[in-house]
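Chain by chain, the residues:
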Amino acid sequence: MADLTIGRLAAATGVKVETIRYYERAGLIAPPARTGGNYRSYSTGDLDRLRFIRKTRDLGFTLEEIRAMLDLARQRDRSCDTIDAIASKHLADVDRKIADLRGLRRELSAIISNCAGGTVGDCRILEAFGDDAKSGDTK
């Protein structure tokens, strides 16, 4: 697959056309060659790179982390310690987010379990969030 249009590249990777253009502006993808009609023309290398970006974005890596890994990927003989450190830091961030979400879930579950039904005026959920919602105060 050589000489892909931006539409075909988008279809092959599941990345929206505007996102591909954004990645070009951000420097994650090199500006593509242009056809005689001035259309973008992507290579299989661009396809592979965009698939890498898509996968790492799906895993929650930041653009800065992806850029660093892509830069390191060009240094084939270098130790992969830095890439390991980037991935390990990201995993620790994911673990922190999971812990935060578990705490949030416990809190919401406790609030909801205190709801005995009844009227909005007696709603334990609104009470737990603060009285402004029940009073209709819009200050």
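This structure is a prediction, so every number in the text was calculated from the model and none was measured.

(A) Spotlight on the overall build of the chain. Scanning the chain from N- to C-terminus turns up seven helices and two strands. From first element to last, N terminus to C terminus, the chain shows the α and β order α-α-β-β-α-α-α-α-α. In terms of overall size, the chain is more extended than a compact globule, its C-alpha atoms giving a radius of gyration of 24 Å where 139 residues would be expected to give roughly 14 Å. Across its three principal axes, the chain shows a C-alpha extent of roughly 70 × 40 × 30 Å. Relative to all contacts within the chain whose residues are 6 or more apart in sequence, the contacts with residues 24 or more apart total 43%. With the model as given, the accessible surface of the chain reaches about 9800 Å², and the carbon-plus-sulfur share is 53%. For the chain, the distance from the average position of its 24 positive side-chain charges to the average position of its 21 negative side-chain charges is 5 Å.

(B) Focus on the side chain of glutamate 24. Examined against the element boundaries, glutamate 24 turns out to sit in helix H2 (residues 17-25). Classification of glutamate 24 as buried rests on a relative accessible area of 13%. With near-sequence residues (within four places) excluded, glutamate 24 lies in contact with Ile29, Ala30, Pro32, Arg40 and Tyr42.

(C) Local environment of the packing of helix H1 (residues 6-13) against H2. Direction vectors running N to C along H1 and H2 enclose 105°, while the axes themselves pass 9 Å from each other. One element, H1, and the other, H2, form an angle in the roughly perpendicular class. Listed contacts from H2 to Ile6, Gly7, Leu9 and Ala10 of H1 are Val17, Ile20 and Arg21. Tallied by class, the residues present in the contact of H1 with H2 amount to five nonpolar, one polar and one charged.

(D) Inspection of the packing of helix H4 (residues 63-73) against helix H5 (residues 81-113) at higher detail. Two elements in contact, H4 and H5, have axes whose closest approach is 10 Å; the angle formed by their N-to-C orientations is 160°. Relative to H5, the element H4 lies roughly antiparallel. The element H4 and its partner H5 pack so that their crossing is left-handed. Residues Glu65, Ala68, Met69 and Leu72 of H4 lie in contact with H5, whose contacting residues are Thr82, Ile83, Ile86, Lys89 and His90. Split into classes, the residues belonging to the contact of H4 with H5 amount to five nonpolar, two polar and two charged.

(E) Spatial organisation of unusual backbone geometry. Residues other than glycine seldom take positive phi values, yet asparagine 38 does so here, at roughly 70°. With respect to the element layout, asparagine 38 can be found in the loop between strand E1 (33-34) and strand E2 (40-41).

(F) Examining the packing of aromatic side chains more closely. Tallying each qualifying case throughout the model produces one aromatic pair. Measuring from ring centre to ring centre gives 6.1 Å for tyrosine 22 and tyrosine 23, while their planes differ by 55°; the resulting arrangement is tilted.

(G) Fine view of the side chain of aspartate 46. Locating aspartate 46 in the fold gives a position in helix H3 (residues 44-58). Within the buried core, aspartate 46 has no salt-bridge partner, and the shortest N-O distance to an opposite charge, that of arginine 49, equals 6.5 Å. A distance of 2.9 Å separates the side chain of aspartate 46 from the backbone nitrogen of serine 43, its partner in a polar contact. For aspartate 46, the contacting residues outside a window of four places in its chain are Leu9 and Ile29.

(H) Expanded view of the environment of threonine 56. For threonine 56, the position within the fold is in helix H3. We classify threonine 56 as buried; its relative accessible area is 7%. Beyond its immediate sequence surroundings of up to four residues, threonine 56 is in contact with Phe61, Ile66 and Met69. In this structure the side chain of threonine 56 is engaged in a polar contact, spanning 2.9 Å, whose partner is the backbone oxygen of phenylalanine 52.

Conventions adopted
Residues numbered from 1 in each chain as written. Predicted model: local features only at pLDDT ≥ 70, side-chain atom pairs only at ≥ 80, totals over all residues. Heavy atoms only, no water. Helix = DSSP H or I, 4+ residues; strand = E, 2+ residues; numbered from the N terminus. Rg over C-alpha atoms; globule rule 2.2 N^0.38 Å. Contact = heavy atoms within 4.5 Å. Areas by Shrake-Rupley, 256 points an atom, 1.4 Å probe, with all protein chains shown as cover. Lys, Arg positive; Asp, Glu negative; His and termini not counted. Charge placed at Lys NZ, Arg CZ, Asp CG, Glu CD. Buried < 20%, exposed > 50% of the residue type's maximum accessible area, 1.4 Å probe, protein only. Axes fitted to C-alpha atoms, helices over the stretch in contact; angles between N-to-C directions. Parallel < 35°, antiparallel > 145°, perpendicular 65-115°, else oblique. Nonpolar A, V, L, I, M, F, W, Y, C, P; charged D, E, K, R; others polar. Left-handed = near helix turned anticlockwise from the far one by under 90°. Phe/Tyr/Trp six-rings, centres within 6.5 Å; stacked < 30°, edge-to-face > 60°. Salt bridge = Lys/Arg side-chain N within 4 Å of Asp/Glu carboxyl O. Polar contact = N/O pair within 3.5 Å; in protein donor to acceptor, adjacent residues only side chain to side chain.

Read these as spatial facts, not as claims about activity.
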